[in-house]
Amino acid sequence: MSERAHKEMMRKMNRKATYAFGLAALVVLLFGATLASSASAAPAWKFEGKALEGTETILGGAEKSAMTIPGLTTTCDNFLYELSISNSSGTGQGKLTGMPLFNCYTNSSACFVGPIGAEALPWNSHLTTVESTPYVVFEGVKVGIYYEGEECVLDETLVTVTGSAGGSINNTTESATFNSTTLKTTATELKALGQKIEWTGVFPTEAFQTHRLQPLSVS
Amino acid sequence: MHMHRRRVACTALIAVALAALGFAGTAAAKLTGNYAKFAQCPYTNLEVKKCIYAITESGEVVLGSKKVPIEKPVTIQGGYGKANEESFSTFFAATNGITLSKTPQNVPGGLLGIVPEAKQPWLVKQLIKFFFENSLTGLNSTLELAKPASEIKISEKHLAEEIGIALEMPLKIHLENPFLGNNCYVGSSSSPIIWKLTTGKTSPPPPNTSIQGFGGTAEFLEEGRIVETKGTKLVDNAWSAPAATGCGGIIAFLVNPIVNSSLGTTTAGHNTAILNNTLNVASRAAVAKNNEENP
């Protein structure tokens, strides 16, 4: 190899090294920025990418939602909620003002669901971020379920579900998902008959008033 | 004519015998699987709403200065009706009459623990000597219902929600040793010990301090017809107990004061009951159906 060719190769290698170092530095900076945003960003309600100003009413409706105490699962085919949302100091907040439940049943041939409904409304809610995933957390949850059925051990018994529940928000599907993992992640729990219960449900959500048909996101 | 009368009498006797057998067959339930434990539930009584079978597996009863660990399982069984406005249900006795099993628990320290030598008058000392020579020094304590089972109150709502009184029972404690005779009791039907057990937090007078119960972990069985709750902790440390009576037979006038002195102060705030249980509750209708399906 001639001296000229060697110098040319060295110059190329230096350029590559500089590029690689720069790229790594950029990656580190970007990664750091991401971490910083996941740790400190206060998620807000947004419509078409812009933070909500004032208040809006959103409706969520689950195709199916189920609550389980070991051995007995209660499912509602129609589980709606009405949430009045706003942003306060850049953080999304809300008040759940209505939660009608319809077509509820159990997995038991002995136990039937009588009157069922949310109590002590409104329930406060807020948005939070855990490991870069946005969550909506409901506090002061209280749902009364009256069971019937002569052979059911809960016949004529009002079981009250209380506690708090956190669900993850998917901006792509504009939905909130509640399950044992999301409750654990948000350090929330629901109790009935004195013990922790499981609750599952996926709630597609959309605006109902001035932002109707606009894409809803949380970030 | 005589033959005819004799035949009628025989037929009547056979009918009575068959009827008796029939009744016996009805009474001896053939409950199966998870329902078998409710055999003593009065499920033919339509006032009964639920059947209950509870086992106290461990715990302790502190009466004054004496602490008795619960080492042998105690059973509470029977049925209960619909809850009233205060969430309490009336209890119905077990069909075999054993609503609360009479399970003797060993009292640590035995007879000398409750009739200490230093306090024995001469006559008592001579009598106790005989019991020691014959190794009759063990002392048992047995919980018994002081009133009919209908005086028991149960609140399944309070039990589950860990608030208020979950189970109220009128009791007497039978202290058993040949020297003490057959009628040595703390509490009686006219002056019972009332336990107001909770799965929540107690508020006793001093020197006792608040203790916490636990509602347990429930699991539904038989598609929601039975609920089994494990780890239920029922507590009460605010109850009072009257003085012991009837201890020592004809020399009760000598022995009662010694027993009471050994027990120490038994007014509210000096006694504790901690019962660790597994509760099984079933719908009466489900138990009755299981019985019909297994004649």
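Values in this document were obtained by computation on a predicted structure and should not be read as measured data.

So, how was this worked out
Residues numbered from 1 in each chain as written. Chains lettered and ligands numbered in written order. Predicted model: local features only at pLDDT ≥ 70, side-chain atom pairs only at ≥ 80, totals over all residues. Helix = DSSP H or I, 4+ residues; strand = E, 2+ residues; numbered from the N terminus. Buried ≥ 20, exposed ≤ 12 C-beta atoms within 10 Å, placed from the backbone. Contact = placed C-beta atoms within 7 Å. Core = buried A, V, L, I, M, F, W, Y, C linked by C-beta atoms within 7 Å. Nonpolar A, V, L, I, M, F, W, Y, C, P; charged D, E, K, R; others polar. Pairing = 2+ DSSP bridges.

Undergrad: Could you give an account of the overall build of chain B, with specific residues and numbers?
TA: Per the secondary structure count, chain B includes six helices and 14 strands. Going through the 295 residues of chain B one by one, you find that 44% of them count as buried. Residue pairs at least 24 apart in sequence account for 73% of intrachain contacts in chain B once pairs closer than 6 positions are excluded.

Undergrad: Before we move on, could you go through the overall build of chain A and cite the residues and values that matter?
TA: Looking only at helices and strands, chain A features two helices and 15 strands. A buried classification covers 33% of the 219 residues belonging to chain A. Counting contacts in chain A only where the partners sit at least 6 residues apart, residues at least 24 apart contribute 64% of the total.

Undergrad: Go over the nonpolar core with me, naming the residues and quoting the values.
TA: Generally speaking, soluble globular proteins have nonpolar side chains that are buried together. Counting 120 residues, the largest nonpolar core has Val161(A), Phe38(B), Leu197(B), Ala282(B) and Val287(B) as the members making the most contacts within it. The element contributing the most residues to this core is strand S10 (residues 133-148) of chain A, with seven residues. In contact with Ala282(B), other than residues within four places in its own chain, are Val153(A), Tyr35(B), Phe38(B), Lys50(B), Cys51(B), Arg225(B), Ile226(B) and Val287(B).

Undergrad: So what's going on with helix H6 (residues 284-293) of chain B? Residues and values would help.
TA: The element H6(B) is extensively covered by neighbouring structure, given that seven of its ten residues are classed as buried. Within H6(B) the residues assigned to the buried category are Arg284(B), Ala285(B), Ala286(B), Val287(B), Ala288(B), Asn290(B) and Asn291(B).

Undergrad: Describe the interface of chain A and chain B, listing the residues and the values that go with them.
TA: In this complex, chain A contributes 18 residues to the contact, which on the side of chain B involves 21 residues. In terms of residue class, the side of chain A that touches chain B is made up of nine nonpolar, six polar and three charged.

Undergrad: Pulling in residues and values, what's your account of unusual backbone geometry?
TA: Looking along the chain, the bond that leaves Leu121(A) and enters Pro122(A) is cis, with omega of 0°. With respect to the helices and strands, the residue Pro122(A) is situated in the loop between strand S8 (112-118) and strand S9 (123-130). A cis amide bond, omega 10°, links Pro206(B) with the succeeding residue Pro207(B). One non-glycine residue, Ala120(A), lies in the positive phi region at around 55°. You can see Ala120(A) is positioned in the loop between S8 and S9. The class for Ala120(A) is exposed, based on 12 C-beta atoms found within 10 Å. Even without being glycine, Glu223(B) reaches a positive phi, approximately 55°. Looking at the secondary structure, you find Glu223(B) in the loop between strand S11 (217-221) and strand S12 (226-236).

Undergrad: Account for the pairing of strand S1 (residues 50-63) of chain B, naming residues and giving values.
TA: Residue and element names in this part refer to chain B. Here S1 pairs with strand S3 (residues 74-80) via seven bridges, running antiparallel. For isoleucine 55, the partnering residue across the bridge sits in S3 and is threonine 75. Alignment of S1 against strand S14 (residues 272-283), held across twelve bridges, turns out to be antiparallel. Each bridged residue has a counterpart across the sheet, and for isoleucine 52 the counterpart in S14 is valine 281. Pairing of S1 with strand S2 (residues 66-69), which is carried by four bridges, proceeds in the antiparallel orientation. Pairing of leucine 63 across the sheet is with lysine 66, part of S2. Counted along the chain from S1 to the antiparallel partner S2, the turn is two residues long, and its residue glycine 64 has a positive phi close to 60°.

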